[in-house]
Amino acid sequence: MEFLVAYDVSTESLEGQRRLRRVAKICEGHGQRVQKSVFECSLTEMQLEQLRHQLLHVIKTSEDSLRIYRLREPRRRYMEVLGVQPWFDIHDPLVV
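This write-up is about the structure you can find in this document. (Residues numbered from 1 in each chain as written. Predicted model: local features only at pLDDT ≥ 70, side-chain atom pairs only at ≥ 80, totals over all residues. Heavy atoms only, no water.)

## Regarding the packing of helix α1 (residues 14–28) against helix α2 (residues 45–56)
Now for step 1: It is the contact of α1 with α2, at a shortest axis distance of 10 Å, that shows an interaxial angle of 170 degrees. The angle between α1 and α2 falls in the class roughly antiparallel. Note on element contacts: α2 touches α1 through Leu51, Gln54 and Leu55, opposite Val23, Ile26 and Cys27.
Now for step 2: Of the residues contributing to the contact of α1 with α2, the split by class is 5 nonpolar, 1 polar and no charged. (Axes fitted to C-alpha atoms, helices over the stretch in contact; angles between N-to-C directions. Helix = DSSP H or I, 4+ residues; strand = E, 2+ residues; numbered from the N terminus. Parallel < 35°, antiparallel > 145°, perpendicular 65-115°, else oblique. Contact = heavy atoms within 4.5 Å. Nonpolar A, V, L, I, M, F, W, Y, C, P; charged D, E, K, R; others polar.)

## Quick look at the nonpolar core
Now for step 1: Counting residues in hydrophobic clusters, the biggest one holds 16 residues, and the most contacted among them are Val5, Tyr7, Val23, Cys27 and Leu55.
Now for step 2: Every element with two or more residues in this core is listed here: β1 (2–8), α1, β3 (38–42) and α2.
Now for step 3: By residue number, the principal contributor to this core is α1, which donates 4 residues.
Now for step 4: Residues within four places of Val23 in sequence aside, it is in contact with Tyr7, Val9, Leu55, Val58 and Ile59. (Core = buried A, V, L, I, M, F, W, Y, C linked by side-chain atoms within 4.5 Å. Buried < 20%, exposed > 50% of the residue type's maximum accessible area, 1.4 Å probe, protein only.)

## Details of the sheet that holds strand β2 (residues 31–35)
Now for step 1: Strand order in the open sheet formed by 4 strands is β2-β3-β1-β4, and the pairing between neighbours is antiparallel. Looking at strand neighbours, the two that pair on one side only are β2 and β4 (65–70), the edges of this open sheet. For this sheet, the mean angle separating the axes of adjacent strands, direction not counted, is 25 degrees.
Now for step 2: Sheet analysis places β1 next to β3, joined by 5 bridges and oriented antiparallel. Along β3, the bridge assignment pairs Val5 with Phe39.
Now for step 3: Packing against the sheet, α1 makes contact with β1, β2 and β3, and its axis sits at approximately 170 degrees to β1.
Now for step 4: Strands β1, β3 and β4 of the sheet are contacted by α2, whose axis makes an angle of about 170 degrees with β4. (Pairing = 2+ DSSP bridges.)

## Points about α1
Now for step 1: Taking 1.5 Å of rise per residue, 15 residues should cover 21 Å, and α1 covers 21 Å from first to last C-alpha, within 8% of that figure.
Now for step 2: Burial in α1 covers these residues: Gly16, Arg19, Val23, Ala24, Ile26 and Cys27. Down the axis of α1, the smallest arc covering the buried residues is 160 degrees, so these residues share one side. Opposite the packed face of α1, turned more than 90 degrees from it, sit the exposed residues Leu14, Arg21 and Lys25.
Now for step 3: The inward-facing, buried residues of α1 abut β1, β2, β3 and α2. (Expected span 1.5 Å × (residues − 1). Arc of directions from axis to C-beta.)

Here it is, written out as structure tokens:
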């Protein structure tokens, strides 16, 4: 299933700046960054629960915001990108 993960971490303190880096690192391990604080992820229900669990152990719910949206499939049919598009299909083979 396809998900969109968006977060807003308060960076007014050094601790908040560290949380921001940790949240980004966790999200990078689960999907592709499409904007600074937005990731597209292809996850099973189990992987989604793991992601949720990891993020809830990092964010401070009294200061930070985390949103997870389930995307309608096929994604390309419901998505429109205007402007710079640093995007690749996460289902295509990766050639190194």
